[in-house]
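Breakdown of the fold
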2 protein chains.
Amino acid sequence: MTKGRAKPATIRDVARVSGVSVGTVSRSLNAPDSVRSATLAKVRAAIEELGFQPDSRAQNMRRRSTLTVGFVVDDIANPLHATTFKAADAELREHGFSLYLVNTSGRAREEADAIDMMQHGRADGLIMTINSERDPTTLKRLAALRIPSVLLDREISLDVDAVLTDHAVGMTQATEHLIDLGHRRIALITGGPDIRPGRERVRGFLEAFRKRGLPVPQDLLRANNLSADYGFREASALLQGRERPTAIIAAGNRTLTGVLRAIQQQGVSVPGDVSLIACDQTDLARLYPGPITLIDRDIEEIGRTAAQLLLDRLGEGRDRPAQRISFPTRLILGGSCAAVGR
Amino acid sequence: MTKGRAKPATIRDVARVSGVSVGTVSRSLNAPDSVRSATLAKVRAAIEELGFQPDSRAQNMRRRSTLTVGFVVDDIANPLHATTFKAADAELREHGFSLYLVNTSGRAREEADAIDMMQHGRADGLIMTINSERDPTTLKRLAALRIPSVLLDREISLDVDAVLTDHAVGMTQATEHLIDLGHRRIALITGGPDIRPGRERVRGFLEAFRKRGLPVPQDLLRANNLSADYGFREASALLQGRERPTAIIAAGNRTLTGVLRAIQQQGVSVPGDVSLIACDQTDLARLYPGPITLIDRDIEEIGRTAAQLLLDRLGEGRDRPAQRISFPTRLILGGSCAAVGR
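Just so you know, these numbers come straight off a predicted model, no measurement behind them. (Residues numbered from 1 in each chain as written. Chains lettered and ligands numbered in written order. Predicted model: local features only at pLDDT ≥ 70, side-chain atom pairs only at ≥ 80, totals over all residues. Heavy atoms only, no water.)

1. Quick notes on the overall build of chain A
Helix and strand content of chain A: 13 helices and twelve strands. By its C-alpha atoms, chain A is 75 × 45 × 35 Å across when sized along the principal axes. Counting only residues that meet the buried cut, chain A has 58% of its 342 residues in that class. Sequence separation of at least 24 residues holds for 72% of the intrachain contacts in chain A that already meet a minimum separation of 6. When the accessible area of chain A is evaluated, it comes to approximately 14,300 Å², of which 47% is carbon and sulfur surface. (Helix = DSSP H or I, 4+ residues; strand = E, 2+ residues; numbered from the N terminus. Buried < 20%, exposed > 50% of the residue type's maximum accessible area, 1.4 Å probe, protein only. Contact = heavy atoms within 4.5 Å. Areas by Shrake-Rupley, 256 points an atom, 1.4 Å probe, with all protein chains shown as cover.)

2. Some points on the domain arrangement of chain A
Residue and element names in this part refer to chain A. Examined at the domain level, chain A breaks down into domain 1 (11-54), domain 2 (68-165 + 299-327) and domain 3 (167-297). Between the C-alpha centres of domain 2 and domain 3 there is a distance of 28 Å. Contacts between the two partners involve 16 residues from domain 2 and, on the opposite side, twelve residues from domain 3. Between domain 2 and domain 3, a total of about 1,300 Å² is buried, with carbon and sulfur atoms accounting for 45% of that surface. Across the domain 2-domain 3 interface, the total number found is three salt bridges. Where R297 meets D153, a salt bridge forms, and the shortest distance between an N and an O atom there is 3.1 Å. Summed over the shared surface of domain 2 and domain 3, the number is 13 residue pairs in polar contact (both at pLDDT 80 or more). Of all the secondary structure elements, the ones that give two or more residues to the side of domain 2 that touches domain 3 are α5 (79-94), β5 (161-165) and α13 (299-314). (Domains from an automatic or database assignment. Buried area = accessible area lost by both parts, 1.4 Å probe. Salt bridge = Lys/Arg side-chain N within 4 Å of Asp/Glu carboxyl O. Polar contact = N/O pair within 3.5 Å; in protein donor to acceptor, adjacent residues only side chain to side chain.)

3. Considering the nonpolar core
Ranked by internal contacts, the top residues of the largest apolar core, which has 51 residues, are A:I263 and A:L276. Discounting residues that sit within four places of it in the chain, A:I263 has contacts with A:L239, A:V268, A:V270, A:V274, A:L276 and A:Y288. Judged by nonpolar contacts, the second largest core, of 46 residues, contains A:V69, A:A306, B:V150 and B:A307. (Core = buried A, V, L, I, M, F, W, Y, C linked by side-chain atoms within 4.5 Å.)

4. Observations regarding the sheet that holds strand β6 (residues 186-191) of chain A
Residues and elements named next belong to chain A. One open sheet holds the six strands; their spatial order is β7-β6-β8-β9-β10-β12, and the pairing between them is mixed. Every interior strand has two partners, whereas the edge strands, β7 (221-224) and β12 (330-332), have only one. Averaged over all neighbouring strand pairs, the angle between strand axes comes to 15 degrees, with direction disregarded. Here three bridges tie strand β9 (residues 275-279) to strand β10 (residues 293-296), and the two strands are oriented parallel to one another. Of the residues in β10, the one forming a bridge with C279 is I295. Across the face of the sheet, helix α10 (residues 228-240) comes into contact with β6, β7 and β8 (247-250) while running at roughly 165 degrees to β6. (Pairing = 2+ DSSP bridges. Axes fitted to C-alpha atoms, helices over the stretch in contact; angles between N-to-C directions.)

5. Some thoughts on the packing of aromatic side chains
Scanning all chains against the criterion turns up five aromatic pairs over all chains. Measuring from centroid to centroid gives 5.1 Å for A:F205 and A:F209, while their planes differ by 70 degrees, and the two rings are edge-to-face. Of this pair, A:F205 and A:F209 are both found in helix α9 (residues 196-211), four residues apart, which corresponds to roughly one turn of the helix. Of the two residues examined, A:F205 and A:F209, each falls in the buried class. When the centroid spacing of 5.2 Å and the interplanar angle of 85 degrees are considered together, the rings of B:F71 and B:F85 count as edge-to-face. With B:F71 in strand β1 (residues 68-73) and B:F85 in helix α5 (residues 79-94), this residue pair connects regions lying 14 residues apart in the sequence. For the pair B:F71 and B:F85, one class covers both residues: buried. A cation over a ring is seen here: A:R261 above A:F232, with NZ or CZ 4.3 Å from the ring centre. (Phe/Tyr/Trp six-rings, centres within 6.5 Å; stacked < 30°, edge-to-face > 60°. Lys NZ or Arg CZ within 6 Å of the ring centre and 35° of its normal.)

6. Quick look at the pattern of salt bridges
If you walk through the whole model with that rule in mind, you get 56 salt bridges over all chains. For B:R320, the salt bridge goes to B:D161, with nearest N and O atoms at 2.9 Å. Of this pair, B:R320 sits in the loop between α13 (299-314) and β11 (324-327) while B:D161 sits in strand β5 (residues 161-165), placing them 159 residues apart in sequence. Judged by its relative accessible area of 16%, B:R320 is buried. Residues joined in a network through salt bridges with shared partners are A:E155, A:R196, A:E200, A:R203 and A:R324.

Have a look at this one:
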């Protein structure tokens, strides 16, 4: 007998007692045909024993069919996306959903295709990053989307949930740090104006020079693409140029791999020849000797929040207005920035 | 009119002419309900125009329902898995299949769950790496599997397709390279005997000492787990020990991140204080100053081959005996190994 005032049993209790995963309990409730009968019997016995009552969200889910959420990114080998995926996956799994990954390789057609496929019965909702906030094909598909979606670090005119990062504030802070060390020839390599991280990072960079009353080194501003190849090309050109920057901000984790490739190829030393600031706490940024000073953010929290926003939409928040939740960054000092003689 | 002797049109030609992706053409053939009617009309017009005939494999697929293949790994943030996923995904997509990723976090229960879910209607086949070749839960599920599967770098007694790597040969070569540089106190940190990469790497390591008629430094052999934490713990202990190794082979890409964390924390220099060899060409191994000497293999080819084996099974190779295809490694010399005075 359980005590009268005991906390209500959760889906996790049922999983523990029946010796299966939370996902299996959820499928036992929502899609019993997909569960082996011996397992189903164990789960049902545990539900009986614990007096478990599925919550309204679970009941809501029961009316849905796929128990799947689509996760659409350009490159799952990007550690940022992989970490976001894992955090969202863990959160959704707790509620009986699986994540279905689509790797678009950054092609607009694959993106449109993925959106089509998801809403035609593959998924109940979508978590995605899009390659451009201005691509008409993708925007048209998003406008016609009949399942809820959450955008990762993208901002479009449509009324859609999004998890964002305060890139501008973080970039101002990083740039001021370099200015304080005496740097004036600071290069910024990052994404283009068609995605929010690109725009915001440039805005934060300009803001730092404005605050300090210093001229912006316009010739060192390279904001067009987040790819490693772009990072490599621009860093190579900057390091070979006549007026080499004294510091580079590689604003994007793929950018960093490109910039480090250029640094390696040209035999430049960090921070002896050039100071370096990166974004996001990847293995490479953390473990590169120094380590590299970086603008960090809590990627796991971002992934978890994206999943929670979507779960809310699939449940009680069905008709609420769109939410945009923004996360702060913080500067983690490493050993990749040196002072410059004035 | 097309010429009589022209090459037969492929699904790619249909995609090009109709201005959609290969995946959409495939779904137009196999699951027309999932395609928007305007798109379907374009695809059908292109099929008509080109006189396209789906091949027997496509017809075979048509009898299947999910057009999905499950991809089950312990950690998609492992760059090895992410690269394999992308290569398999690209190959499968050419044939109209999507990959469905399950991230098991290395838990046997999640693995068993994923296998269950996949074969209960989620997928036509499976590509997977399992956490242990000896876990009874996973083995039982695999034995009962009624859809074809391909194992990544795992070898079990069941008659199942697998893509493997010649880890032993590569490890012998790497160890001999260190012996040639005068090293005798060589540490190996890698996975345990319950997975093929662990067993084979240890075998190759021992073989190098045997070939050279040298005693094996048994106290430096740490083969129990491929995780970063294990790499960190073992490298920390080895570097703090009284008889420090002069070289470490971090045999696993997660192992490498752990070993480098220990090296960073203890302020050890590479190759000044310790020589280092890693496995697989990750960003970290390539871009770490040196760079790190590594045992490389063609991960993309491995991913592609896994997809091809599965496609074959789903088509004409349905009843063929299991195939195990093994890929070679090659040693890429970096700057992380120094000679030791004798």
